Each structure stands twice: as structure tokens, then as C-alpha cells.
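Close look at the chain arrangement
Residues per chain, in single letters:
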Amino acid sequence: FMPGMDLQHEILRLKKEKNAIILSHYYQRPEIQEVADHVGDSLALSQAAAQTDADIIVFAGVYFMAETAKILNPTKKVLLPDLNAGCSLADSCPIADFEPFVKAHPEHFVVTYINCSAEIKALSDYVCTSSNALQVISDIPETAPIIFAPDKNLGNYLIGKTGRDMLLWEGSCLVHEAFCIDKLLDLCKEHPDAMIIAHPESEEHILRTASFIGSTSGMITYVKRHPNKKYIVATEVGILHEMQKEVPDTILLPAPVVEDNSCACSECAFMKSNTLLKTYRCLRDETPEIEVSRAIAEKAWVPIERMLKLSK
Ligand code: 13P
Ligand code: SF4
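Small disclaimer: the values here were computed from a predicted structure and weren't measured. (Residues numbered from 1 in each chain as written. Chains lettered and ligands numbered in written order. Predicted model: local features only at pLDDT ≥ 70, side-chain atom pairs only at ≥ 80, totals over all residues.)

So, the overall build of the protein
Put simply, the test is: Helix and strand assignments come from DSSP, with helices taken as H or I runs of at least 4 residues and strands as E runs of at least 2, each series counted from the N terminus. For every residue, the other C-beta atoms within 10 Å of its own C-beta are counted; 20 or more classify it as buried, 12 or fewer as exposed, and values in between as partly exposed. C-beta atoms are placed from the backbone.
What the protein contains, in helices and strands, is 16 helices and twelve strands. With respect to the principal axes defined by its C-alpha atoms, the protein has extents near 55 × 50 × 35 Å. Relative to its 312 residues, the protein shows a buried fraction of 46%.

Take a look at the structure:
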């Protein structure tokens, strides 16, 4: 990297030269979203990864997302700008604990949220995202019991929606559990014209206040279709970049968090560990590369593919 070099320009040039694409989640830094070929939620990015004919996929997101892209594209090079971009939710479900749990409930269908490791996916009947979880569950015989992992908040939400017999894993996302209900209610008093929208990884007391609950892309679609002067948005703050572009005249307020931090809003440090400079270097040097063992990838592919078929 040379001082004064226009990183975004160089990234665009390298993408063309190497037949590479950049997939970016909505929680990525705005300057990364701006150089991406697709910006989307976990489902849309998996679909884009499944369909691409690029030789290289740079996944501007977190590890489990890049790993899923690799499982869908075993012969392609999948790169992640920072290998430390993990996920607290995926970490809350270690294989050493999950495997005996699944074995102890052989009659249960295993549905895992995409925010988990490839090893966990390999033990699953279905993978789902917050966009298609209801659709996936409705594919399972009505009386069959279900294990849902790793997110207990999304799981509880799904039990409420479907009334299904579900055994929940006790995992959660630090970022979505950081919202403060008292501060949120105060903010509502200050802005009585604001509507709350929330991601289902948030806790039940937060979800109860929301007019709409959905995935990141679901939330963006919702604000587009329901013009309102103000929205309070309970998910990672990075989503505001794309959302604001879609509804430029709407005031978007991030939901407040318990601990005061630099932005007084909920930021995912894992998502933010990718920077434009790391994205440039990753594309230039074609590293760090994601590898998944063949044995695990073949098993994990089955429930991911099942999800993609159901989501067409
Ligand atoms: P979606 O973008 O699929 O709603 O999920 C967000 C997420 O959990 C990434 O942390
Ligand atoms: Fe994981 Fe939560 Fe960050 Fe999403 S916001 S990547 S679930 S830690």
C-alpha cells in the first residue's frame, strides 16, 4: 500500500483483473459496502455465493459466512479480509458440547441458524437464516420435535410463531443482547412518532416493543414499504448505511445499548475487524484463504443446499 493510493479504485481494478467478486454483509464498514458486488443479508449472500462464476470470492463478513461460501464453492478461492472476524453466537455452540446433545435426541430434527461452524452444520438436517427460518421449519413434519441452535432468542421467537416443539440451544449474540430496554423506552418518549423495528436475535423484551421483526434485508424492505418519519432500529448499526440510502427522508435512530461505548449503539467488533485496507491486501495477496475439510464440507453442504432449495 502506497500513501495516497486510492484503495477503492485499486480494489475495483484488482476485482476485474482477477475475476473476483466482493460479497458484503450490511454490518460491514460503509467504505467496504461501496466496493462490493453484492450487499445483503446472510441468505442473499449465500445465494450470491452459490451462483457466482467468479474465480475468487472475497467475503466481507464473518468467518461462518465465508466458510458457507467455501462449502458451496469447494474449487474456488474464498478469502476473508481478517481471519479474526468470528461471531459470538457461533462461538456459543462448540462441537464438543453440541454433538452429544444431538446424539441424546435422535428423534429430533436438527435445525441450525447459519451463524455456526461448518462442523455444527455437518450435524444438521437443515440450516436456516432469519429470512427463511419459518419456511424451513414448515418443511419439517408437523408433529416432529426439533432441536434449534445456537440462538435462543431467535428460537423463542420461532416457537411463538409456530407453536412447534423445539429444544433450544442456550446461545446468543452479544451485539443483539446489548440493547437497553429502559433507554429504548426513554427514546420512544422523546420521539413518540418513531416506530421500532428489531432483528430476532434481540431479547424478548426488546422484540415485544417492535412493530416489525425480521432479518436485516427484511428490515430494509419494511421501512421502504412503510414510510414513516422516524424509525428506531434494533440491530447492528452498520445496517443504517444501506437503509438510509433506501429511505433518505426518514430519520433512523440506532437503538441504545446498556454500556456506553464510542457510538452509544450496537457495533459488532467482529464485523468491524474487516477494513478497506485489509480488503485490498486480501485481494492483492489472495490470503487469508478459507479451507474446510472435504469430509465436513460434504456433510455441511446437504442442509445448506436444502435451505437454498426452499428459499428460491
Ligand atoms: P441477517 O443479515 O441474515 O439478518 O443476519 C444478521 C446476522 O446475524 C449477522 O450477524
Ligand atoms: Fe455474530 Fe452477533 Fe456479530 Fe452477527 S452481530 S456476526 S450474530 S456476533
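Structural notes on the nonpolar core
Going by this rule: For the purposes of this analysis, a nonpolar core is taken to be any set of buried Ala, Val, Leu, Ile, Met, Phe, Trp, Tyr and Cys residues that are connected through C-beta atoms within 7 Å.
Counting residues in hydrophobic clusters, the biggest one holds 97 residues, and the most contacted among them are L23, V58, F59, V111, C128, I197 and A234. The greatest single-element share of this core, amounting to seven residues, is contributed by helix α4 (residues 63-72).

As for the sheet that holds strand β4 (residues 77-79)
Let me state the cut-off plainly: In this scheme, strands are said to pair when DSSP sees at least two bridges between them. To obtain each axis, a line is fitted to C-alpha atoms, and for helices this fit is confined to the stretch in contact; angles are then taken between N-to-C directions over 0 to 180 degrees. A residue pair is marked as a contact if its C-beta atoms, positioned from the backbone, fall within 7 Å.
An order of β2-β1-β3-β4 is seen for the four strands of this open sheet, with the pairing classed as parallel. Taken across any chain shown, the strands that pair with only one partner, and hence form the sheet edges, are β2 (38-40) and β4. If you compare each strand with its neighbour and ignore which way they point, the axes differ by 20° on average. Bridge analysis of strand β1 (residues 20-25) against β2 gives three bridges, and the strand direction is parallel. Bridging across to β2, L23 finds its partner in H38. Running at roughly 150° to β2, helix α3 (residues 42-51) makes contact with β1, β2 and β3 (56-60) of the sheet. Packing of helix α15 (residues 276-285) onto the sheet brings it into contact with β1, β3 and β4, and relative to β3 it is tilted by some 165°.

Focus: the site of ligand 2
What counts here: For each residue, a C-beta atom is placed from the backbone, and the residue is labelled near a molecule or strand when this atom is within 6 Å of it. Each residue is assigned to one class: nonpolar for Ala, Val, Leu, Ile, Met, Phe, Trp, Tyr, Cys and Pro, charged for Asp, Glu, Lys and Arg, and polar for all the others, Gly among them.
Around ligand 2, the structure places 14 residues, and the nearest of them are C87, L89, C173, V175 and C268. Of all the secondary-structure elements, those providing two or more residues to the shell around ligand 2 are α5 (88-91) and α14 (269-272). For the shell around ligand 2, the residue count by class is nine nonpolar, three polar and two charged.

Looking at the UniProt feature "binding site: iminosuccinate" (unreviewed entry) in the protein
This is how the line gets drawn: UniProt positions are given in the numbering used here, feature names are shortened, and annotations may be inferred rather than shown by experiment.
Within the UniProt annotation, "binding site: iminosuccinate" (unreviewed entry) is assigned to H25, S42, Y113, I114, N115, S130, H199, P200, E201 and T216. Mapped onto the secondary structure, H199 falls in the loop between β9 (194-198) and α11 (204-207). Those residues in contact with H199 that lie beyond four places of it in its chain are S130, H176, T216, M219, A234 and T235. In this fold, T216 is placed in helix α12 (residues 216-225). C-beta crowding within 10 Å serves as the criterion here: with 27 such atoms nearby, T216 is assigned to the buried category. If we skip the residues at most four places from it in the chain, T216 touches Y26, D41, H199, T235 and I239.

Quick look at helix α9 (residues 152-162)
Since the α-helix advances by 3.6 residues per turn, residues separated by three or four positions end up pointing in the same direction. Those residues of α9 that sit buried are N153, L154, G155, Y157 and L158. The secondary structure elements touched by the buried residues of α9 are β5 (109-113), α8 (133-137), β7 (146-149), β8 (166-168), α11 and β10 (212-213). The positive-phi residue at the C-terminal boundary of α9 is G163, with phi of around 65°.

Structural notes on the sheet that holds β9
The strand order across the open sheet formed by four strands is β10-β9-β11-β12, and the pairing between neighbours is parallel. Among the strands making up the open sheet, the edge pair consists of β10 and β12 (251-254). Contacting β11 (230-234) and β12, helix α13 (residues 239-246) crosses the sheet at an angle of about 165° to β12.

As for the UniProt feature "binding site: [4Fe-4S] cluster" (unreviewed entry) in the protein
Annotation from UniProt places "binding site: [4Fe-4S] cluster" (unreviewed entry) at C87, C173 and C268. Separation in sequence by 182 residues is not matched in space for these annotated residues, since their most distant C-alpha atoms are only 9.5 Å apart. Structurally, the position occupied by C87 is in the loop between β4 and α5. Those residues within four positions of C87 in sequence are excluded, and the remaining contacts are V62, Y63, F64, N115 and F270. Following the sequence through the fold, C268 ends up in the loop between β12 and α14. When the 23 C-beta atoms within 10 Å are taken as the criterion, C268 is described as buried. When sequence neighbours within four positions are dropped, the list of residues in contact with C268 reads Y27, V175 and E236.

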